[in-house]
Amino acid sequence: MLSYLEFEKPIAELEGKVQELKTLAQEDPSVSISDEVAKLETKAAQLLKDTYSRLDPWQKTQVARHPNRPHFVDYVKGLIQDFTPLAGDRLFAEDAAIIGGLGRFRGRSVVVMGHEKGSDMETRMRHNFGMARPEGYRKGIRLLDMAERFDMPVITLVDTAGAYPGIGSEERGVAEAIARSMDRCLGLSVPMISVVIGEGMSGGAIAIAAGNRVLMLEHSIYAVISPEGCSSILWRSSDKAKEAATAMKVTAQSLEELGIIDRILPEPVGGAHRERAQMIRETGDAIEEELRGLDGLDADALRRQRREKFMAMGKHGLS
């Protein structure tokens, strides 16, 4: 069943009426209400289109966090053949918040990894809501080493509220693990494509997003800290999260203008959660296109392109 966000209430009411009429027609075929249903469906579709054409940054934040949005496991199921997950960092433990392994993407052998939030309470607890501990990032480094050793492109899918800030995570050096993961991404000798599919918050996101090409879904968000965290620091309260989201320029559209990301992937009307299979397929098309664009670049060229991209951030767009 589709979940509706707060700003989608008018849409929910219209679509609810449509469903009620369809149910009534099924129960009593003698009732002719097809014209009324068609009018309501047209009105609901137009309202959905109008609403999503003018989302503000806070509303986009809500869409990026939508519980029905496709997650890492959905993209792997739809895009990666013969996926073989690899577990553990060979130092401390396995971390289910980051899943990674080997597979085939449209004929290419690849290393793919990303954050997994979970889809229900059981899986959310198992994956720690996509908030990785140090061992998750160290597992990621191990996978990056493997990709380079066997000359396989890397695909990363980013969707996290941030790295896990618990005591054990800090004791085991989460900041150091994130820094080493970023450094390993930047030094890779193979192509790396990163896609922000939902939330891309804090160092927990960029730790696996320092790729040659960084893509964002249309209604995803990407920032150094969550709007609530920013609000808590600046205003000593999370009540100003909406204002923080606007000021931080967390949306894909703002980040493309600032040169932080390379490409925006359009979402179906109403968000990726309404047409999951379509969104997954089109994301795969974009990844394939970007990988083809990097074909022919040697190791030095890939590292140089990646370094120049990140060193140029902040030099334009702020005016």
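Residues numbered from 1 in each chain as written. Predicted model: local features only at pLDDT ≥ 70, side-chain atom pairs only at ≥ 80, totals over all residues. Heavy atoms only, no water.

Caption draft 1: Highlighting the packing of aromatic side chains. Counted according to the given criterion, the structure contains one aromatic pair. Over the face of the ring belonging to Phe310 we find Lys309, whose NZ or CZ atom lies 5.5 Å from the ring centre. (Phe/Tyr/Trp six-rings, centres within 6.5 Å; stacked < 30°, edge-to-face > 60°. Lys NZ or Arg CZ within 6 Å of the ring centre and 35° of its normal.)

Caption draft 2: Structural view of a nonpolar patch on the surface. Taken together, Met121, Met125 and Phe129 make up a surface patch of nonpolar side chains, about 320 Å² in accessible area. Its location among the elements puts Phe129 in the loop between α5 (121-126) and α6 (134-149). (Patch = residues over 30% accessible without salt bridge, like charges linked within 9 Å, V, L, I, M, F, W, Y side chains within 5 Å. Areas by Shrake-Rupley, 256 points an atom, 1.4 Å probe, with all protein chains shown as cover. Salt bridge = Lys/Arg side-chain N within 4 Å of Asp/Glu carboxyl O. Helix = DSSP H or I, 4+ residues; strand = E, 2+ residues; numbered from the N terminus.)

Caption draft 3: Here's a closer look at helix α1 (residues 9-27). Spanning 19 residues, α1 covers 27 Å between terminal C-alpha atoms, matching the ideal 27 Å at 1.5 Å per step. Regarding α1, the residues found buried are Ile11, Leu14, Val18 and Leu21. The buried residues of α1 occupy one face: seen down the axis, they fall within an arc of 100 degrees. Opposite its buried face, α1 presents the exposed residues Glu13, Glu20, Gln26 and Glu27, each directed more than 90 degrees away. In the core, the buried residues of α1 are packed alongside α2 (34-53). (Expected span 1.5 Å × (residues − 1). Buried < 20%, exposed > 50% of the residue type's maximum accessible area, 1.4 Å probe, protein only. Arc of directions from axis to C-beta. Contact = heavy atoms within 4.5 Å.)

Caption draft 4: Expanded view of helix α3 (residues 57-64). With six of eight residues buried, α3 is to be regarded as a mostly interior element. Those residues of α3 lying buried are Trp58, Gln59, Lys60, Thr61, Val63 and Ala64. Elements that come into contact with the buried residues of α3 comprise α2, β5 (192-201), β7 (221-223), α10 (227-235), α11 (241-248) and α12 (252-257). Of the residues flanking the start of α3, the one acting as N-cap is Asp56, its side-chain oxygen 3.0 Å from the backbone nitrogen of Trp58. (Polar contact = N/O pair within 3.5 Å; in protein donor to acceptor, adjacent residues only side chain to side chain.)

Caption draft 5: A look at the nonpolar core. If you look at the biggest cluster of nonpolar residues, it comprises 33 residues, and the most contacted ones within it are Tyr137, Val154, Met216, Tyr222 and Ile261. Those elements that place two or more of their residues in this core are β3 (108-115), α6, β4 (154-160), α8 (174-186), β5, β6 (213-217) and α12. Excluding residues that lie within four positions of it along the chain, Val154 makes contacts with Val111, Leu144, Ala147, Leu188, Val190, Pro191, Met192 and Ile193. (Core = buried A, V, L, I, M, F, W, Y, C linked by side-chain atoms within 4.5 Å.)

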